[in-house]
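Notes for the structure review
Spelled out from the first residue to the last, the chains are:
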Amino acid sequence: MTVADLILTNARVLTMDATSPRAEAIAIAGNAIIAVGTATGIAALAGPATRIINALGRTVTPGIIESHVHIFMAAGELDNLDLSDVHGRGALTEAIRSYAVAHPELALLYANSVSYTVLDDVVLPTRHDLDAMLPDRPFAMMCYDHHTVFANTAALKLAGLLGGASVPIGSEIVMGADGKATGELREPGAFRHVLALTPTGGRDSLGFTEAADPDPAPTPADRAADRAVLLRGLKHCASMGITSLHNMDGNFYTLELLAEIDAAGGFTCRCNSPFHFKNYFGLERIADAVAMRDRFSGERVSSGRVKLFMDGVLESWTALTLAEYPDKPGHLGDPNFTAAEFNALATAADKAGLQITVHAVGDGAVRRTLDGYAAARAANGVRDSRHRIEHLELIDAADVPRLQELGVIASMQPTHAPGPVFPPEPARTRLGAAWQDRAYAWATIRQSGAAMAINSDWPVAPLHPMVTAHAAVSRLDGQALTLLATLEGQTLGGAYAEFMERRKGALRPGMLADLVLWSADLETLPVADLHEVTAVLTICNGRITHETAAA
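Below is a summary of the structure that appears in this document. The numbering scheme is per chain: residues are counted from 1 as the chain's sequence reads. Thresholds applied to this predicted model are a pLDDT of at least 70 for local features of residues and 80 or more for the giving and counting of side-chain atom pairs; totals over whole chains, interfaces and linings are not thresholded and use all residues. To obtain the side-chain values, all non-hydrogen atoms of the structure were included, while hydrogens and water were left out.

1. What about the side chain of threonine 9?
To keep things clear, this is the line we draw: Here a helix means four or more residues in a row that DSSP labels H or I, a strand means two or more in a row labelled E, and each is numbered from the N terminus. Residue contacts are counted whenever heavy atoms from the two residues lie within 4.5 Å of one another.
Mapped onto the secondary structure, threonine 9 falls in strand β1 (residues 6-9). With residues near it in sequence (within four places) discarded, threonine 9 still touches Glu24, Ala25, Ala39, Ile52, Ile53, Asn54, Ala55 and Leu56.

Written out as structure tokens, the structure is:
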């Protein structure tokens, strides 16, 4: 009989194993689960050195698999000015000026999570608005969706953008009648020059903005600083009950840093990261994605995916739609790839055995992505490809059954629906009454039989898994998910999305010991209180990566 190193008992264990969905206790030895069952049965596995934790009737689930996160960029933003709760000119002015006084050392004052409607009207902030708040120092603020930056004149000058600049298709430096930039920078190709002015030199966002490695190469001191940033982010993930994450920014540098952290014993979360394929890359760059997969193929640090952006977001009218926007006649959004370009890319990546991950917000982008996956299947034959679509904030009814038919995973973020986390505007105005019933259709997609992963998109939305769960179960328009369906999407759904459902995402003997003890019994807790639940104990690979006194 194997003696347990660790036992959690007197728990409400939600196993995500259909053959045995609930249990009272769980035993771990090394990095594996050795038994799941009754408290009495599991007690027999204890030895003199076994640590026994009384869960006090609280819920234990598999570790959260955060299947859409921007780990390096999010970690780099932890110390930035957070404007998520700031509304109105007066409050914004006070926040900016106070931050400026507190940080005289910063060449660029940079803030995150601002609302498009921060000025309390429908007018977007301009450089002139920001100049009135802070005229003498460069300042820029990233919208909560991370698709638009607003910058003052000093920041635009410092970044070399005041007079405009050449940007890739799908990005835009919005220009004014005076021939100068208004301060609105849409999509990474436009605001990457501003992010390069942050304390990391933009290295934390390169996998997102340019899909490139730092040039010039970072010094040893830079690498050490960047590892520290990433390690802080990984520890933050562990504190939220997260044991695995799917990164959405892709370059070799980020994976190298993650591998270095792992080799030094600092690993707290399993990390899968893609090769980010930009619309100005040639198909020969698929070879780089293959090289990345072959170089990083462990259980803790891995690759094997191609990530790309088909479109932008509804808020800035850059999401690709099938019909014109209700509030912008004649406009269908800004696609990053033509149908022919994506069909060729999808076919080449699929032929190389790579999984494809596509950001597609508008229904036009979703259809174009599905068409590309169908083209790849027609060219290469049917295989267990598990290609993904991220967001699907708007989907045409005719395309819902195609997800299951093509074996496509719907990767969705409940916090992205307007309210209670994201502000209601301008998304509701963009959707109009005609599109409301097809927006954020989590329940419709799940009921269709499509595979679904539930996640946050941190730092776009809060990382907290129970904030995500609360958003999923509290919808009032028929698209709410049940608690168990949501938790399944956050655990087993994430494992399935990375071909790891036989190793993690459920709690049964032989699975990796990735699990979390929550601060309450999730099934008896009022829904209104769900967002207040926290992780009191996180275990990854059999190792405690986060523990509070409440454990």
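2. With respect to the packing of helix α11 (residues 339-351) against helix α12 (residues 363-380)
What counts, and what does not: Geometry is summarised by axes, namely lines fitted to C-alpha atoms with helices restricted to the contacting stretch, and by angles between N-to-C directions that run from 0 to 180 degrees. For classification, angles of less than 35 degrees are called roughly parallel, those exceeding 145 degrees roughly antiparallel, those between 65 and 115 degrees roughly perpendicular, and all remaining angles oblique. Crossings are sorted by hand: turned counterclockwise from the far helix by less than a right angle, the near helix makes the crossing left-handed, and turned clockwise it makes it right-handed.
At their nearest, the axes of α11 and α12 sit 8 Å apart, and the two run at 50 degrees to each other. Judged by the inter-axis angle, α11 sits oblique to α12. In this structure, α11 crosses over α12, and the sense of that crossing is right-handed. Side by side, α11 and α12 meet where Ala339, Phe342, Asn343, Ala346, Thr347, Asp350 and Lys351 of the first sit next to Arg368, Thr369, Asp371, Gly372, Tyr373, Ala375, Ala376, Ala379 and Asn380 of the second.

3. Thoughts on the nonpolar core
In plain terms, the rule: Residues belong to one nonpolar core when they are buried, are Ala, Val, Leu, Ile, Met, Phe, Trp, Tyr or Cys, and are joined through side-chain atoms within 4.5 Å. Throughout this description, buried means an accessible area under 20% of the type-specific maximum (1.4 Å probe, protein chains only), exposed means over 50%, and partly exposed covers the range between.
By size, the foremost hydrophobic cluster in this structure holds 113 residues, and its most contacted members are Leu8, Phe342, Ile389, Leu392, Leu403, Ile445 and Leu515. Looking at this core element by element, the count peaks at six residues for helix α9 (residues 252-263). Those residues in contact with leucine 403, other than ones at most four positions away along the chain, are Leu370, Ile389, Leu392, Ile395, Val408, Ile445 and Ala450. Residues Tyr99, Leu106, Ala111 and Tyr116 belong to the second largest nonpolar core, which totals 27 residues.

4. Concerning the packing of aromatic side chains
So the rule is basically this: Put simply, two rings from Phe, Tyr or Trp (the six-membered ring, in Trp's case) pair if the centres are within 6.5 Å, and we call them stacked under 30 degrees between planes, edge-to-face over 60, tilted for the rest. A positively charged side chain is recorded as over a ring if its NZ (Lys) or CZ (Arg) lies within 6 Å of the ring centre. The angle to the ring normal must also be within 35 degrees.
Inspection of every chain in the model, using the stated rule, returns eleven aromatic pairs. Aromatic pair tyrosine 280 and phenylalanine 281: ring centres 5.4 Å apart, planes at 90 degrees, arrangement edge-to-face. Given a relative accessible area of 40%, tyrosine 280 falls into the partly exposed group. Accessibility expressed as a relative area gives 15% for phenylalanine 281, which makes it buried. Each ring, one from tyrosine 325 and one from tryptophan 435, has its centre 5.8 Å from the other, and the planes form 65 degrees; the classification is edge-to-face. Of this pair, tyrosine 325 sits in the loop between β19 (305-309) and α11 while tryptophan 435 sits in helix α14 (residues 427-435), and the two are 110 residues apart along the sequence. The buried category is assigned to tyrosine 325, whose relative accessible area is 1%. Sitting over the face of the ring of phenylalanine 267, arginine 300 holds its NZ or CZ atom 4.8 Å from the ring centroid. The ring of tyrosine 496 is capped by arginine 386, whose NZ or CZ atom sits 3.8 Å from the centre of that ring.

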